[in-house]
Amino acid sequence: MKVKTRFAPSPTGDLHIGSVRTALYSWLFAKHNNGKFILRIEDTDVERSQHFSINSILEGLKWLGLNWDEGPYFQTNRLKRYQEVINIMLKKGDAYRCFCSSKKLEEDRKEQKRKGFKARYSGTCRNLDIKTTFPKDFVIRFKNPISGKVIFNDRIRGKIIFDNSELDDVIIQRSNGMPTYNFCVVIDDLDMKITHVIRGEDHINNTPRQINILKSLGAKIPIYAHLSMILDESGNKISKRKNARNIIEYRKDGFLPEALLNYIVRLGWSYGNQEIFSIFEMQKLFNLSSISKSSSIINMKKLLWINKYYINHLPLNNITHILKEYMQDQNIDINHGPKLECLVTFLRDRFHTIQEMTECFRCFYEEFKIFNHQRIEKYLVLDSCYVLEEAYKKINNLSIWNNILISEMINCLSVEIKVKKIKINMILRVAIINDIYSPSISLVIYLIGKKEVLSRINKTLFFIKSLYIKK
Ligand code: GLU
């Protein structure tokens, strides 16, 4: 049997971490088994389907590298096929037209509630003689078996049993002629030869209905695996409509796709105590039996830790390339200044995200426009001019340019002018990059380059003097 899985999102919101996990597990399971992974957009709920959401799904999956072997299929392109099957089912008596008005359904529901029964369709139209004339408005329902059980062996939860007496005659076509989710999903899984349905636990209740429809069509039942929920850091269920972030936002925040996938794979799946998995390893090791039944909780600290790991371990070229695009998006011109590879080589172990890197590296390519006020009062006082003038001379005199010599030069300067090294470092930091935090200042000076550093010191000197002369 050739394994075939699918990711079948309804385009009713952005692609979020929960949906990505479903896609990832389906993708990994297919890859692990040398099978196929398909993408299907379930868009028959036209009122709730949105174009931006389709874009978000496609963009997110592409960014993460979750490539599909077939599709994207759109259910709205398959309406003819659904109609064909509905006609067959009507003919065979496996489906029927239901003319009950919403008022009647509501009354039935109230009555059932009053009697203490579970609200469900009362079955009024189940055995109507359709030759009689009826109102034009109707839905089509599946004739669910009245007795017996539906039993399936969920790969994560084990044996699950539903009594048919608890299942409704599910609507398979709405009054506007549109087939419904529970029906389309069945026809698609059947036509697309899906062997394993991996999806969220919110679909467990749909599964027996879908199995019954499949049985009525004489189809083979796929294997089901229902994933537990993902909760946000406050313990709330992640939902498209409430608290879920578009996965693309993580790219904007400077996360790497490798890190995000590694983080997401561990939201419910484990392999001993191992935390770091390359894509290749995930494909090799992934299985359904090691997926946990309990819910998983988002942990930003862990995601940052994993992202830092990948920033440090991915090949230099990869990181430089991603960073370059990121910096360009921030309008930072990296053509004038140090080689980006150099900055990455020397400094990448300091950062958790590409965004942090970008912000830190900005000062290597851009002169700051104005000084931070508090820093002026603390570090750019008239006395600092002497320190800066002496540093300028020493930097200018360096004939060999490397950070060790720059560091030694600062040591000598400290002894010569009797100013503590720590103070000189701070004055130089503020003068050159207008910041009090930075990697080692000698390294910063080295990377920015002699000419640019001298020019920035000069500008700062001019600034301090103009400030005090005015006073
Ligand atoms: N379209 C459904 C959803 O977005 C998933 C259907 C399925 O996987 O069977 O929740």
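This section reports on the structure supplied with the text. These figures come from a predicted structure and were not determined experimentally.

## So, the overall build of the protein chain
Okay, step 1: Across its full length, the protein chain holds 19 helices and 12 strands.
Okay, step 2: Taken over the C-alpha trace, the protein chain has a radius of gyration of 32 Å; the compact-globule value for 471 residues is 23 Å, which it surpasses by more than 25%.
Okay, step 3: In terms of overall dimensions, the protein chain has C-alpha extents of about 105 × 50 × 40 Å along its principal axes.
Okay, step 4: Counting across all 471 residues of the protein chain, residues that qualify as buried make up 49%.
Okay, step 5: Computed over 74 positive and 50 negative side-chain charges, the inter-centroid distance for the protein chain is 3 Å.

## Here's the deal with the packing of aromatic side chains
Each aromatic ring pair is summarised here by two numbers: the centre-to-centre distance and the angle between the ring planes.
Okay, step 1: Scanning all chains against the criterion turns up 12 aromatic pairs.
Okay, step 2: Taken together, a centroid distance of 6.5 Å and an interplanar angle of 20° make the contact between W269 and Y271 stacked.
Okay, step 3: Residue W269 is classed as buried on the basis of its relative accessible area, which comes to 1%.
Okay, step 4: Aromatic ring contacts, followed pair by pair, group Y25, W269, Y271, F277 and F286 into a single cluster.
Okay, step 5: Between R141 and the ring centre of Y121, over which it is positioned, the NZ or CZ distance is 3.7 Å.
Okay, step 6: Here the basic side chain of R245 rests over the ring of Y250, its NZ or CZ set 4.7 Å away from the ring centre.

## Here's the deal with the site of the ligand
Okay, step 1: Near the ligand, the surroundings consist of R6, A8, P9, S10, E42, Y181, V185, R199 and H203.
Okay, step 2: One of the backbone N or O atoms of A8 is found 2.7 Å from a nitrogen atom in the ligand.
Okay, step 3: Surface burial for the ligand is 84%, taken as the share of its 300 Å² of free accessible area covered by protein chains.
Okay, step 4: Looking at side-chain class alone, the shell around the ligand contains 4 nonpolar, 2 polar and 3 charged residues.

## Quick word on the nonpolar core
Okay, step 1: Counting 108 residues, the largest nonpolar core has I247, F361, F364 and L428 as its most contacted members.
Okay, step 2: A per-element tally of this core places helix α1 (residues 17-32) first, with 9 residues.
Okay, step 3: Contacts of F364, omitting those with residues within four sequence positions, involve G337, P338, L343, L347, V444, L447, I448 and R456.
Okay, step 4: Ranked by size, the runner-up nonpolar core spans 30 residues in total, among them C184, V186, I204 and I213.

## Quick notes on the packing of helix α11 (residues 316-329) against helix α13 (residues 354-365)
Okay, step 1: Here α11 crosses α13 at 70°, and the two axes come no closer than 10 Å. The angle between α11 and α13 falls in the class roughly perpendicular. Two secondary-structure elements touch here, α11 through I319, I322, L323, Y326 and M327 and α13 through I354, Q355, M357, T358, F361, R362 and Y365.
Okay, step 2: Residue composition of the contact of α11 with α13, grouped by class: 9 nonpolar, 2 polar and 1 charged.

## Describing the pattern of salt bridges
Okay, step 1: Counted according to the given criterion, the structure contains 31 salt bridges.
Okay, step 2: D163 serves as the salt-bridge partner of K149, at 3.0 Å between the closest nitrogen and oxygen. Placement of the pair is K149 in strand β6 (residues 149-154) and D163 in strand β7 (residues 158-163), with a sequence separation of 14 residues.
Okay, step 3: K149 sits in the partly exposed class, given a relative accessible area of 49%.
Okay, step 4: A salt bridge links R266 to E275; the nearest nitrogen and oxygen atoms lie 3.0 Å apart.
Okay, step 5: Overall, R266 belongs to the buried group, its relative accessible area being 18%.
Okay, step 6: Three or more residues are tied together by salt bridges with common partners; here these are R6, R40, E42, R78, R81, E84, D188, D189 and D191.

## Here's the deal with the packing of helix α12 (residues 340-347) against helix α18 (residues 441-448)
Okay, step 1: α18 packs onto α12 with a crossing angle of 165° between their chain directions and a minimal axis gap of 11 Å. One element, α12, and the other, α18, form an angle in the roughly antiparallel class. Relative to α18, the crossing made by α12 is right-handed. Only L443, Y446 and L447 of α18 make contact with α12, whose side of the interface consists of C342, L343, F346 and L347.
Okay, step 2: Tallied by class, the residues present in the contact of α12 with α18 amount to 7 nonpolar, no polar and no charged.

## Some remarks on helix α17 (residues 421-433)
Since one α-helical turn is 3.6 residues long, residues separated by three or four positions face the same way.
Okay, step 1: Over its 13 residues, α17 runs 18 Å from end to end, which matches the ideal 18 Å to within 8%, given 1.5 Å per residue.
Okay, step 2: The element α17 is extensively covered by neighbouring structure, given that 10 of its 13 residues are classed as buried.
Okay, step 3: Among the residues of α17, those classed as buried are I424, N425, M426, I427, L428, R429, V430, A431, I432 and I433.
Okay, step 4: Positive backbone phi, at 55°, marks N434, one or two positions downstream of α17.

## Here's the deal with the environment of E377
Okay, step 1: Mapped onto the elements of the fold, E377 is located in helix α14 (residues 373-379).
Okay, step 2: Given a relative accessible area of 57%, E377 falls into the exposed group.
Okay, step 3: Taking the C-alpha atoms as reference points, E377 and V344, 33 residues apart in sequence, are found 33 Å from one another.

## Side note on the pairing of strand β9 (residues 196-200)
Okay, step 1: With 5 of its 5 residues buried, β9 lies for the most part within the structure.
Okay, step 2: Across 5 bridges, the pairing between β9 and strand β10 (residues 223-227) is parallel. Considered in β10, the bridge of R199 is made with H226.
Okay, step 3: Taking the sense of rotation as the criterion, the β-α-β connection linking β9, helix α6 (residues 206-216) and β10 turns out right-handed.

## Here we look at the side chain of T195
Okay, step 1: Tracing the backbone through its elements, the reader meets T195 in the loop between α5 (181-191) and β9.
Okay, step 2: Taking relative accessible area as the criterion, T195 reaches 10% and is therefore assigned buried.
Okay, step 3: Here the side chain of T195 touches K4 through a polar contact of 2.8 Å, landing on its backbone nitrogen.
Okay, step 4: Setting aside residues no more than four positions away along its own chain, T195 makes contact with M1, K2, V3, K4, P222 and I223.

## What to know about unusual backbone geometry
Okay, step 1: The residue after G71, namely P72, is reached through a cis peptide bond having omega 0°.
Okay, step 2: Counting through the fold element by element, P72 comes out in strand β3 (residues 70-74).
Okay, step 3: Backbone geometry at K193 places phi at a positive 55°, although glycine is not the residue there.
Okay, step 4: What makes K193 exposed here is its relative accessible area of 60%.
Okay, step 5: The backbone of K418 shows a phi angle near 55°, a positive value even though the residue is not glycine.

Reading guide: rules and limits
- Residues numbered from 1 in each chain as written.
- Predicted model: local features only at pLDDT ≥ 70, side-chain atom pairs only at ≥ 80, totals over all residues.
- Heavy atoms only, no water.
- Helix = DSSP H or I, 4+ residues; strand = E, 2+ residues; numbered from the N terminus.
- Rg over C-alpha atoms; globule rule 2.2 N^0.38 Å.
- Buried < 20%, exposed > 50% of the residue type's maximum accessible area, 1.4 Å probe, protein only.
- Lys, Arg positive; Asp, Glu negative; His and termini not counted.
- Charge placed at Lys NZ, Arg CZ, Asp CG, Glu CD.
- Phe/Tyr/Trp six-rings, centres within 6.5 Å; stacked < 30°, edge-to-face > 60°.
- Lys NZ or Arg CZ within 6 Å of the ring centre and 35° of its normal.
- Near = heavy atom within 4 Å.
- Polar contact = N/O pair within 3.5 Å; in protein donor to acceptor, adjacent residues only side chain to side chain.
- Areas by Shrake-Rupley, 256 points an atom, 1.4 Å probe, with all protein chains shown as cover.
- Nonpolar A, V, L, I, M, F, W, Y, C, P; charged D, E, K, R; others polar.
- Core = buried A, V, L, I, M, F, W, Y, C linked by side-chain atoms within 4.5 Å.
- Contact = heavy atoms within 4.5 Å.
- Axes fitted to C-alpha atoms, helices over the stretch in contact; angles between N-to-C directions.
- Parallel < 35°, antiparallel > 145°, perpendicular 65-115°, else oblique.
- Salt bridge = Lys/Arg side-chain N within 4 Å of Asp/Glu carboxyl O.
- Left-handed = near helix turned anticlockwise from the far one by under 90°.
- Expected span 1.5 Å × (residues − 1).
- Pairing = 2+ DSSP bridges.
- Right-handed = clockwise from strand over helix to strand, strands pointing away.

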